[in-house]
Amino acid sequence: MKLLFLGTAQDGGVPQVGCSCANCSTVRRSAASIALIEDKDALIIDVTPDFRWQYHRLAGRFGVDISAAYLTHAHWGHYGGLMLFGREGWNCDKLPLYLTRRFHDFLASNEPFSELFQSGNLVAHILAEKVETVHGIKPVVVPHRDEYSDTVGLLIDLNGRKFFYLPCVDRLNTDIHNIIRSCDVSIIDGTFYDESELPHRDMSKIPHPRVRDCIREFSDIADRIIFTHLNHTNPLCEPEGEELMRLLDRGFRVANDGDVLE
Ligand SMILES: [Zn+2]
Ligand SMILES: [Zn+2]
Ligand SMILES: [Zn+2]
C-alpha cells in the first residue's frame, strides 16, 4: 500500500483568497487530504474543496478508483468537496463514507449534504473510538473546535508499519504524545510555525500546536514526524526558506502535494 498526499495546506489552501503575501504569490498547496492506494483501489481521507483537481491527479497518476472516503471532522476544508459527489458532479453510487456519529447527524440534517445520503450517493459507516474498521483504520478522538462534529485522528496500518494521520488538532495532549511516540510515522498538524505569524490577531486565542514547539518536543524522534496542513502564513511553505532548511537539517519532514510514502 502507498500513502499519497493529495493536499497539504490548511483549509483555505495556498494561495488563499484575498491574500497577496509572498507565499500566496508563489506557492501552490491544496487543502490537506491523503489517499491510501492498494493496487487499483484508493481510500481518501478528507474530501476537500480542491477535490476535483486532487481526484484527477490521483486517477491520472495511479489509475485507481475510489472505494471509500473517511472524514476527520466538520471544518469545511476537510469535507467541503462532498458537494462534488452529488448529481451535479460525480454522482457516485453508494460510496462508503466513514465518519463519527455526531458528524453524520450534522450532515444528514443539513442540505446540501443530506441529499447525498437520500439519493444513495453515500452510505454512512459510523466510526467508533478506537474500533478498527474493515480497512484496518482506527479513529482516535482528539481535542479541536468541535462546533458541528467531534474530531478524530486516524491510526493506519501501512505495510505493517503504524501511521498516525492528525491534520487538525487544538493541542497535543498526553494521550496524543503517547500515540505519536508509539507510531512509526506521524503526519501532524503544522498549521502555524510560531506565534509571530498573524501579527493582527491575538494568536494565544488561536489553537493548533506550533511547529516550533513540536521540533523541541519530538527532537529525539524527528525522522518519524511529517508536518502537513500548513497555513499560507507558515514560513515552511517557502521553498528553501530558512525555517524549512533548519527543520529538514534536524531530521523532520514537511509534506508536499504529490509526495508518496510506502
Ligand atoms: Zn483544517
Ligand atoms: Zn497569503
Ligand atoms: Zn479543523
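Look up: the structure comes first, before these words.
Each value, and the rule that gives it
- Residues numbered from 1 in each chain as written.
- Chains lettered and ligands numbered in written order.
- Predicted model: local features only at pLDDT ≥ 70, side-chain atom pairs only at ≥ 80, totals over all residues.
- Pairing = 2+ DSSP bridges.
- Helix = DSSP H or I, 4+ residues; strand = E, 2+ residues; numbered from the N terminus.
- Contact = placed C-beta atoms within 7 Å.
- Axes fitted to C-alpha atoms, helices over the stretch in contact; angles between N-to-C directions.
- Expected span 1.5 Å × (residues − 1).

### Looking at the sheet that holds strand β6 (residues 122–127)
Logical step 1: In space, the seven strands of this open sheet follow the order β6-β5-β4-β3-β2-β1-β13, with mixed pairing throughout. Looking along the sheet, the strands with just one partner apiece sit at the ends: β6 and β13 (260–261).
Logical step 2: Sheet contacts for helix α2 (residues 51–62): β1 (2–7), β2 (33–38) and β3 (41–45); angle to β1, the most-contacted strand, approximately 145°.
Logical step 3: Relative to strand β5 (residues 95–100), helix α3 (residues 101–108) is tilted by about 120°, and along the sheet it contacts β5 and β6.

### Comments concerning α2
One turn of an α-helix holds 3.6 residues; hence residues three or four places apart share an orientation.
Logical step 1: Taking 1.5 Å as the rise per residue, α2 with twelve residues should run 16 Å; its terminal C-alpha atoms sit 16 Å apart, in good agreement.
Logical step 2: Of the surrounding elements, those touching the buried residues of α2 are β1, β2 and β3.
Logical step 3: Two residues or fewer after α2 comes G63, characterised by a positive phi angle close to 60°.

### Quick notes on the sheet that holds strand β9 (residues 161–166)
Logical step 1: Ordered by their spatial adjacency, six strands build an open sheet running β7-β8-β9-β10-β11-β12, and the pairing between neighbours is mixed. The outermost strands of the open sheet, each flanked by one partner alone, are β7 (137–142) and β12 (253–254).
Logical step 2: Here four bridges tie strand β10 (residues 185–189) to strand β11 (residues 225–228), and the two strands are oriented parallel to one another. Across the sheet, the residue bridging to D189 is T228, located in β11.

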